[in-house]
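# Remarks on the overall topology
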Amino acid sequence: MKNFREDLKYVGKPVPRVDSYEKILGVAEYTGDIELPGMLHTKLVLSPYAHAKIKAIHTEKARKASGVVAVAVGDDFPFRVGLYVNDRNVLARKKVRWAGEPVVAVVAETLEQAYEAAELIEVEYEPLQPVLDVRDALKPGAPLVHEELGEYAHSPAFHPIPGTNIASRFTLKKGDVELGFKQSDVILENEFMMPQVSHVPLETHTSIGQYMPDGKIKIWTSAQSPFTVRHILSVSLGVPEHKISVYVPYIGGGFGGKAGINFEPLVVMLSKMAGGRPVKLELTREEQFITAPVRQGLYAKLKTGVKRSGEIMAEKILYVYDAGAYADYGVNVGRAAGYSCTGPYYVPNVETESLTVYTNHPWGTAFRGFGHFEFLWAIERQMDLVARELGMDPVEFRLKNALLPGKTTPTGEVLREDAGRIDECIRAVASRIDWGKKPVAAAGKPRGKGIAALWKAPAMPPNASSAAFIKFNEDGTAELLLGITEIGQGAETALAQIAAEELGLPVEKIKVVPFRHTDVSPYSWQTVASRGLFMDGRAVQMAARDAKNQIFDIASQVLRVSKEDLVLSDERVHVRGRPEVGLELRQLVNGYVYPNGNVVGGPVIGRGFYSAARLTYLDPETGQGYPALKWTFGAHAVEVEVDPDTGMVKVLKLVSAFDIGKAINPAIVLGQAYGGALQSMSLGLLEGYFYDEKGRMLNPNLTDYKIARASDIPEEHEVIIIENPQLDGPFGARGIGELSMLSVETAIANALYDAIGIDLKNLPITAEYIWKHIQAKKEKIPVEAVT
Amino acid sequence: MLRSIKVVLNGVERTVDVEDHWTLLWLLREKLKLKGTKHGCDRGDCGICTVLVNNTPVKSCLVLAPEVNGAEILTIEGLAKEGSLAPIQKSFIEHSALQCGICTAAFVLTGHWLLQQGDGVDRKRVAEAIDGILCRCTGYRQIIEAIVDAARKK
Amino acid sequence: MLPKFLYHAPETIHEALELLNKYGREAKLLAGGTDLVVDLRERKTRPKAVIDIKRIKELNVLKYEPGRGLVIGATVTYHQILEYEPVRKKYPVLWEAVKTVADEILRMRATLVGNICTASPAADTAPALLVYDAVVETASKNGGRKIPIENFFTGVKKTVLEEGEMVVSVTLPEPPADAKGTYLKAMRVWSEDLALVGVAALVADGGKDVRLAYASVAPTPVRARKAEKVFREDGDIREKIEKAVELAVASVSPISDVRASKEYRLHLVKTFTRNALNRLLGVEAVVVA
Ligand SMILES: Cc1cc2nc3c(=O)[nH]c(=O)nc-3n(C[C@H](O)[C@H](O)[C@H](O)COP(=O)(O)OP(=O)(O)OC[C@H]3O[C@@H](n4cnc5c(N)ncnc54)[C@H](O)[C@@H]3O)c2cc1C
Ligand code: FES
Ligand code: FES
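The shown structure was predicted, so the numbers you read here are calculated from the model rather than taken from an experiment.

## Topic: the environment of A:Met194
Residue and element names in this part refer to chain A. Structurally, the position occupied by Met-194 is in strand β10 (residues 186-194). Between the C-alpha atoms of Met-194 and Leu-533, which are 339 residues apart in sequence, the distance is 30 Å. The contacts of Met-194, once residues within four sequence positions are left out, are Arg-295, Gly-297, Leu-298, Phe-373, Glu-374 and Leu-763.

What follows is the structure, given as structure tokens:
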């Protein structure tokens, strides 16, 4: 299906990133680098309890400390914020809901003074019984994390159940699951888990807020989604959007953790208390772990029915997401997992319940791979377990059930012809890992191979949209203004390439404006969900075409030919077939000036937008409908080596394939593939929030919350880019950002069975956890007993 | 206590006033406004605060400001000379060895140091040299390639 | 953000001791700072004065003399130790242990003496120093002491050092002529970690002189003397190794924490001890899997 232009000049090339120079010189601006006149600093006082009543807060001593300008407590801010469910306090009110929740904020002239004063704050608590496990949270009579759930405003796509800890319940019914089980020869039931994990952006959350007495609000922040910050703040404070300006410079890693709205309302309100002076909050690493939002944990229960011949007939699914203390964004994770619940397989009969559940853990939010990393761990392990039960090869079993174009997804959508091919991804990685050829153990260290597949669609409201401007300068160069933020994913570069291709203008002649400012930047809903390249790409294409049309309008008058007969290439507009008759771009983009001084046209500003097409809300009972802008497919295969003495795993080779439609910039795609894969491995093998019995995090630092370093990467990583174009994508592209971090750890777990015959069901699969399974196998202890 | 120290900072001799309890990181970022040096943990784990002191990579959050009295300090701001990038910087761009960029200065400076340490700069050697610096975005592979390639071209 | 303190950078041991005397318990010595600065930041210590010893030239000795052994001064960094050829040749257990500490950037700053003065149970260099029977040399106003490393640690982050006393150097005597050894460290990752368990093993005297020491398995680094004794007697070497493994396990008392469980640590003590001894004593490992 190769019906896209092949003669591309800028798209498809590994052009250097447009943000390279600033970053390589150390002059790129991040929020933490910004200093403003009169700026004040904040230190937070955090709750040491997972669940407790706040009895009294003594702030007198702190207020008198030197340099202190303001001390704020929860009751100073009697409103809630939230993206989908309006459940979050700016500072804890009445009670604390997790250990690490901010209770008091101290604002002082210097950070040192804020620290000193914060030590003088005393808070009296009355401990309440905490809920520290999602399964316990669902039990009748469990302590409630949110007694007032029924009062919270929420988007119509979500279904909170007041009087319980269920922040949202998503249900899906496709076909007749009971009938499907009746038609099955084999039925297998399994449970899987993963803990909460942190995004660990190396730049911690940093925000500066200013609330001036005239009601104007200014925010400088490391936020992925400036327009969402503005919108939510506007709704929460009742301040019109034009009075709120949000400025976002470069972001030092987001991965979803800086999406939605986070500490912006706090700094804005603190500034109001400080008479309008700007107030800065920069989280410490410990605060980043315990106070900033995290990835939700998951408990999954799967029941799969299959025919002996290998067709999956029925799937009954329960996903329970550990939202932690607040679920303002987290509810959408549960929803996204709900409608993608089966993984990239065709299942005729599905019944799914996906719950997002409050606990007294840190609050959850978006994280690259949004719900999918979590549930694909369950689904892709289950695929191997079922294949084994059938005595079938895992690759063959996956191919047999592959969700190919023409088949229906769990929500009843018929997968479109140009949707990309899961079967090609699976075949590609299987072939490159020499699937079927048993690896040879070296030096007493068994080796094994494993495979896992993946799919994902952007999780967003059906009406999400993006816009772009292209503004020409007098000399024929241009500025590209975007609403999507640059969090490292390379959006600025890829979008500049798209603009360059459309305009026939070298990438060097397009400056991507390296910041977002809601006053001047075009709208983009959020920088999440791997939607940026697709949606903002379409918006850029439209903006470029709009600009081109304006240029042709001018040129057609000057050259006296119809617009249809004009060609724009190499920074020149000429008459089709007569390249010598033409005008330089710079003669046109600010209006054409005749020798006598007359002018036609004027400054060219292209404007484009894209709104997701034909998406719908899902049926509240059956979950049927159209949630997906596009589906993207991929697969990984690995060969691993295990040290049975320690349980340490080495990934010898990783092969990844993604059907991304078109690689706009192959170097950036590789970077996403390498980086995502390592994040997936790191989360799956090393990371997790470990709590004591009172719900306090035991490892809130990078000494004991290990993340992968250079010597931990796979020895070899081969990336296969498959390009079945998405017909409505920009140049056929779908985007890759999140895809690369799905399922790698599952492929590794599957390979561990191949290597040493152990079946892992809980993440993280640490060396110790693997060792315990090796022991259990030797001593014939059931795996359920292994913790 | 406030005291005066002398340093050669990015090739320029300077006298600066420091408090005893400041870290070098604090001195660079907050007092000298050299914001190219980043920080991610302030306790030695992330390494993104790495600068060269007497041509040796150090994590600046673990060094006290008065300790560098008399030392030569190179930060990312001092690497490009007279408007032209150092070879290691060029290599990072060519290999797309950066994403969000918050860790980049630390890797570039450490790579720059490694290039001066003689031969044998292969992937394993580079990985070992940069194990003290975290990157959450790139998966390290393109960073390693950028340093190995710069060493090869030397 | 560090709490306030006064910084001093004496240039002689004498000046350093004067300062130690002046501030008493309110003074903290600073070598590489990789432990101290973290403790300051976390308010685990709030000294009035921080005394930087890196400008004291006499503390930077690193010298091996045949017959007399190896002297490592208080400001000698891990990097210096790794680069010093005699260490690799004569003290392989130490060399291997040093190579596992933290990461290369940190090793260019952190010191071995700082490591033992912090006295963390996880101190990677301690087991190596234990198997080489190192002696810690100190100085104080009342003169110095020579403390065998085995008597140096008294508890978690506690040593025998007294107020006003500082470590000047550590001396490792000449190892037995045929000594071989290794340091095995269990980590959660391949790259950089504190020891979940560290095992130092040294074998000399044709297999009769065996020394074993451990990190991260007791409140202090420990030497397993009882296990060592097994090798002085005659008997089947495999049986002796198994006996030693058992006695080694009996001489440690690991806890469960966020890094590892007690059971895992005990297992690591077992297999690492067995693996190290098999290799050093030239015994073919029996595959038990
Ligand atoms: C990221 C990171 C990773 C680490 N990884 C490891 C690891 O893998 N293994 C490991 O064992 N350790 C590790 N450490 C701990 C630390 O690096 C080592 O303990 C190091 O050897 C300490 O040496 P230093 O010179 O930095 O000591 P400093 O911090 O300067 O001093 C340590 C302590 O000793 C005291 N002291 C210093 N010199 C003297 C002296 N001459 N006399 C008396 N007291 C003195 C100081 O007052 C202080 O209390 C790590 C630390 C960090 C930050
Ligand atoms: S800030 Fe210095 S190592 Fe993290
Ligand atoms: S590029 Fe983002 S942390 Fe390295």
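Now that the structure has been shown, the text picks up again.
## Here's the deal with the sheet that holds strand β8 (residues 122-127) of chain A
Backbone hydrogen bonds are what pair the strands of a sheet, in a parallel or an antiparallel way. Residues and elements named next belong to chain A. Sheet architecture is open: three strands sit in the order β6-β2-β8, paired in antiparallel fashion. One side of each edge strand has no neighbouring strand; the edge strands of this open sheet are β6 (95-96) and β8. Relative to β8, strand β2 (residues 52-58) runs antiparallel, the two sharing six bridges. From the neighbouring strand, Ala-52 faces β8, where its bridge partner is Pro-127.

## Considerations on the nonpolar core
Residues A:Tyr319, A:Ile748, A:Leu752, A:Ile765, B:Phe92 and B:Ile147 are the most contacted members of the largest nonpolar core, which totals 239 residues. Take this core: its biggest share by element is eleven residues, from helix α10 (residues 372-390) of chain A. The contacts of A:Tyr319, once residues within four sequence positions are left out, are A:Leu298, A:Tyr299, A:Ala300, A:Leu302, A:Ala337, A:Cys341, A:Glu353, A:Ser354, A:Leu355, A:Phe375 and A:Ile379. In terms of nonpolar packing, the next biggest core, distinct from the first, is built from 77 residues, B:Cys49, C:Ile72, C:Val93 and C:Val168 among them.

## Some words on empty space enclosed by the protein
Regions of empty space are outlined by a rolling probe, equal in size to a water molecule, passed over the atoms. Residue and element names in this part refer to chain A. For the structure shown, the criterion picks out twelve cavities of 30 Å³ or more. A volume near 230 Å³ is recorded for the second largest cavity. Only β32 (649-659), α15 (666-685) and α17 (767-778) provide two or more residues apiece to the lining of the second largest cavity. Tallying contributions element by element places α15 first for the lining of the second largest cavity, with four residues.

## Digging into the sheet that holds strand β13 (residues 209-215) of chain C
Residues and elements named next belong to chain C. In spatial order, the strands read β11-β12-β13-β14; together these four strands make up an open sheet with antiparallel pairing. At either margin of the open sheet sits one strand with a lone partner, and together these are β11 (180-186) and β14 (222-223). In terms of strand pairing, strand β12 (residues 197-204) meets β13 through seven bridges, oriented antiparallel. Among the inter-strand pairings, Ala-201 is bridged to a residue of β13, identified as Leu-212. Here helix α11 (residues 262-280) sits on the sheet and contacts β11, β12 and β13; the angle it forms with β11, its principal contact strand, is near 155 degrees.

## Comments concerning the domain arrangement of chain B
Residues and elements named next belong to chain B. Each domain of chain B was delimited in the assignment, giving domain 1 (2-78) and domain 2 (87-153). At the junction of the two partners, domain 1 supplies 16 residues and domain 2 supplies 14 residues. Counting the surface lost from both domain 1 and domain 2, the interface buries some 1,200 Å², and carbon and sulfur atoms represent 67% of this. Sorting the residues of domain 1 by area buried against domain 2 places Ile-48, Asn-55 and Ile-76 first, and these three jointly supply 38% of that buried surface. Along the contact surface separating domain 1 from domain 2 lie zero salt bridges. Where domain 1 meets domain 2, there are four residue pairs in polar contact (both at pLDDT 80 or more). Those elements giving two or more residues to the side of domain 1 that touches domain 2 turn out to be β3 (50-53) and β4 (56-59). Split into classes, the residues belonging to the side of domain 1 that touches domain 2 amount to seven nonpolar, six polar and three charged.

Cut-offs used in this document
Residues numbered from 1 in each chain as written. Chains lettered and ligands numbered in written order. Predicted model: local features only at pLDDT ≥ 70, side-chain atom pairs only at ≥ 80, totals over all residues. Heavy atoms only, no water. Helix = DSSP H or I, 4+ residues; strand = E, 2+ residues; numbered from the N terminus. Contact = heavy atoms within 4.5 Å. Pairing = 2+ DSSP bridges. Core = buried A, V, L, I, M, F, W, Y, C linked by side-chain atoms within 4.5 Å. Buried < 20%, exposed > 50% of the residue type's maximum accessible area, 1.4 Å probe, protein only. 1 Å grid on protein atoms, 1.4 Å probe; cavity = no way out; pocket = protein on both sides within 12 Å on 5 of 7 lines; lining within 4 Å. Points joined across faces, edges and corners; volume = space filled by probe spheres on them. Axes fitted to C-alpha atoms, helices over the stretch in contact; angles between N-to-C directions. Domains from an automatic or database assignment. Buried area = accessible area lost by both parts, 1.4 Å probe. Salt bridge = Lys/Arg side-chain N within 4 Å of Asp/Glu carboxyl O. Polar contact = N/O pair within 3.5 Å; in protein donor to acceptor, adjacent residues only side chain to side chain. Nonpolar A, V, L, I, M, F, W, Y, C, P; charged D, E, K, R; others polar.

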